[in-house]
Amino acid sequence: MNLVSLRVITDDVARLVAFYEKVTGLPATWSTEQFAELATPGATLAIAGTATVPLFAPGSSRPADNHSAIIEFLVDDVDRVYGHLKGFVTDFVNEPTTLPWGNRSLLFRDPDGNLVNFFTPVTEAAIEKFGSTRPAS
């Protein structure tokens, strides 16, 4: 089994795609006006409009209603990225903080209120864990 994608449902696909393009520096690939993807080496962030929900099961997903998942991105230098994001991210949950499991983490919310974590491994164990998947500087 391989986790290949995380899909976020939104009322405003263009707004959310533009936000993620800006925070990640990745270009989106659009399939339709209701569906776009931002691909990373490890997985893809898919952003879909509410019009796509009935294709799976009507009423099964609601936009801007996430209270349990965090979208996480491994970055080469979370402190440097924080400096860049301060110019346009408006809802930071915390500033870069070193967590007990060895990652330096920055938590913020996207325009729909979804939690986003940018992190950099900083302890020897965390660096070893993520070493082969670390983005290039």
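Residues numbered from 1 in each chain as written. Predicted model: local features only at pLDDT ≥ 70, side-chain atom pairs only at ≥ 80, totals over all residues. Heavy atoms only, no water.

1. Observations concerning the overall build of the protein
What counts, and what does not: What counts as a helix is a DSSP run of H or I of at least four residues, what counts as a strand is a run of E of at least two, and both are numbered from the N terminus. Between the two quantities, the radius of gyration covers C-alpha atoms and the globule rule is 2.2 Å times the number of residues to the power 0.38. A simple rule labels every residue: compare its accessible area, found with a 1.4 Å probe on the protein chains alone, to the largest value its type can have, and call it buried under 20%, exposed over 50%, or partly exposed in between. Per-residue and other accessible areas were derived by the Shrake-Rupley procedure at a 1.4 Å probe size, with only the shown protein chains allowed to occlude residues. His is not counted, nor are the chain ends; Lys and Arg add positive charge and Asp and Glu add negative charge. Working definition for charges: the position is that of NZ of Lys, CZ of Arg, CG of Asp or CD of Glu.
Scanning the protein from N- to C-terminus turns up 4 helices and 8 strands. Along the protein, helices and strands appear, N-terminal first, in the series β-α-β-β-β-α-β-α-β-β-β-α. A compact globule built from 137 residues should have a C-alpha radius of gyration of about 14 Å, and the protein, at 15 Å, falls within 12% of that. Each of the three principal axes of the protein carries a C-alpha extent, and together these read 45 × 35 × 25 Å. When burial is assessed residue by residue, the protein has 36% of its 137 residues classed as buried. Of the roughly 8100 Å² of accessible surface on the protein, 54% is carried by carbon and sulfur atoms. Seen as two clouds, the 10 positive and the 16 negative side-chain charges of the protein have centres 3 Å apart.

2. Some words on the sheet that holds strand β4 (residues 44–49)
Filter applied, for reference: Any two strands with at least two DSSP bridges between them are considered paired. All axes here are fitted lines through C-alpha atoms, helices being fitted over the stretch that makes contact, and every angle between N-to-C directions spans 0 to 180 degrees. Residues count as neighbours in contact if any of their non-hydrogen atoms are within 4.5 Å of one another.
The strand order across the open sheet built from 4 strands is β1-β4-β3-β2, with neighbouring strands paired in mixed fashion. Two strands in the sheet have a free side with no partner beyond their single neighbour: β1 (5–10) and β2 (29–32). If you compare each strand with its neighbour and ignore which way they point, the axes differ by 20 degrees on average. Across 5 bridges, strand β3 (residues 35–39) lies against β4 in antiparallel orientation. Looking across to β4, one finds that L38 is bridged to L45. Lying over the sheet, helix α1 (residues 13–24) contacts β1, β2, β3 and β4, oriented at roughly 160 degrees with respect to β4.

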